[in-house]
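Descriptive analysis of the structure
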Amino acid sequence: MKQPFSITVDLDGNCEQRTLFLTHNTETFDFELDGQAISIINNGDNSWSIVAGTIDQETVNLIGTEVEKHYKNLHL
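Before going into details, it helps to say that this report is about the structure given with it.

1. A look at the sheet that holds strand β3 (residues 29-33)
Spatially, the three strands line up as an open sheet ordered β3-β4-β5, and their pairing is antiparallel. Both outer strands of the open sheet, β3 and β5 (48-52), are each paired with one neighbouring strand and no more. Taking the axes of each pair of neighbouring strands and ignoring which way they run, one obtains an average angle of 35° across the sheet. Pairing geometry for β3 and strand β4 (residues 36-42), over five bridges, is antiparallel. Each bridged residue has a counterpart across the sheet, and for L33 the counterpart in β4 is Q36. This element, helix α1 (residues 57-74), spans β3, β4 and β5 of the sheet and lies at about 110° to β5.

The structure is reproduced here in structure tokens:
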């Protein structure tokens, strides 16, 4: 099992940062947003898709970008 991690993301574009706590035990990245369980997946081509839950594609992309930043920072 991989260690859970957190990211900070501005979901509304109003400079209000939200912290999300993610797990990555399978191919998906899983987290809770506004009381809803969400799973997203990296498609391997710099794009992200929702697997479970109901959020818009723009939000998926914002969160995916922050996940990518998290992993890049680990390798610096």
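Read on for the rest.
2. Remarks on the environment of T28
In this structure, T28 sits in the loop between β2 (18-22) and β3. Through-space distance from the C-alpha of T28 to that of I50 is 9.1 Å; in sequence the pair is 22 residues apart. Setting aside anything within four residues of it in sequence, one finds T28 in contact with T23, S39, I40, I41 and V51. Side chain to side chain, T28 and T26 meet in a polar contact 3.2 Å long.

3. Points about the environment of V67
Within the secondary structure, V67 is located in helix α1. Measuring from C-alpha to C-alpha, the distance between V67 and G53 comes to 18 Å, with 14 residues separating the pair along the chain. Filtering out sequence-adjacent residues up to four positions away, V67 remains in contact with F5, I7, L22, F29 and W48.

4. What about the packing of aromatic side chains?
Applying the stated rule across the entire model yields four aromatic pairs. Ring centres of F5 and Y71 lie 5.5 Å apart, and the angle between their planes is 75°; on these two criteria the pair is classed as edge-to-face. Of this pair, F5 sits in strand β1 (residues 5-9) while Y71 sits in helix α1, placing them 66 residues apart in sequence. Taken together through their ring pairs, the aromatic side chains of F5, F29, W48 and Y71 make up a single cluster.

So, how was this worked out
- Residue indices begin from 1 for each chain and proceed along its sequence in written order.
- Whole-chain, interface and lining totals are the exception, using all residues; otherwise, since this is a predicted model, local features are given only for residues with pLDDT of at least 70 and side-chain atom pairs are given and counted only at 80 or more.
- Calculated side-chain values reflect all of the structure's heavy atoms, with hydrogen atoms and water omitted.
- Paired strands are those between which DSSP finds at least two bridges.
- Strands here mean DSSP runs of E at least two residues long; helices mean DSSP runs of H or I at least four residues long; both are numbered from the N terminus.
- Angles run from 0 to 180 degrees between N-to-C directions of axes, and those axes are lines fitted to C-alpha atoms, restricted for helices to the stretch in contact.
- Here, two residues are considered to be in contact whenever any of their heavy atoms come within 4.5 Å of each other.
- Here a polar contact is taken to be a pair of N or O atoms separated by no more than 3.5 Å, where protein atoms must pair a possible hydrogen donor with a possible acceptor and residues adjacent in sequence count only if both atoms sit in side chains.
- Side-chain rings of Phe, Tyr and Trp (the six-membered ring for Trp) are treated as a pair once their centres are within 6.5 Å; stacked means planes under 30 degrees apart, edge-to-face means over 60, and tilted covers the remaining angles.

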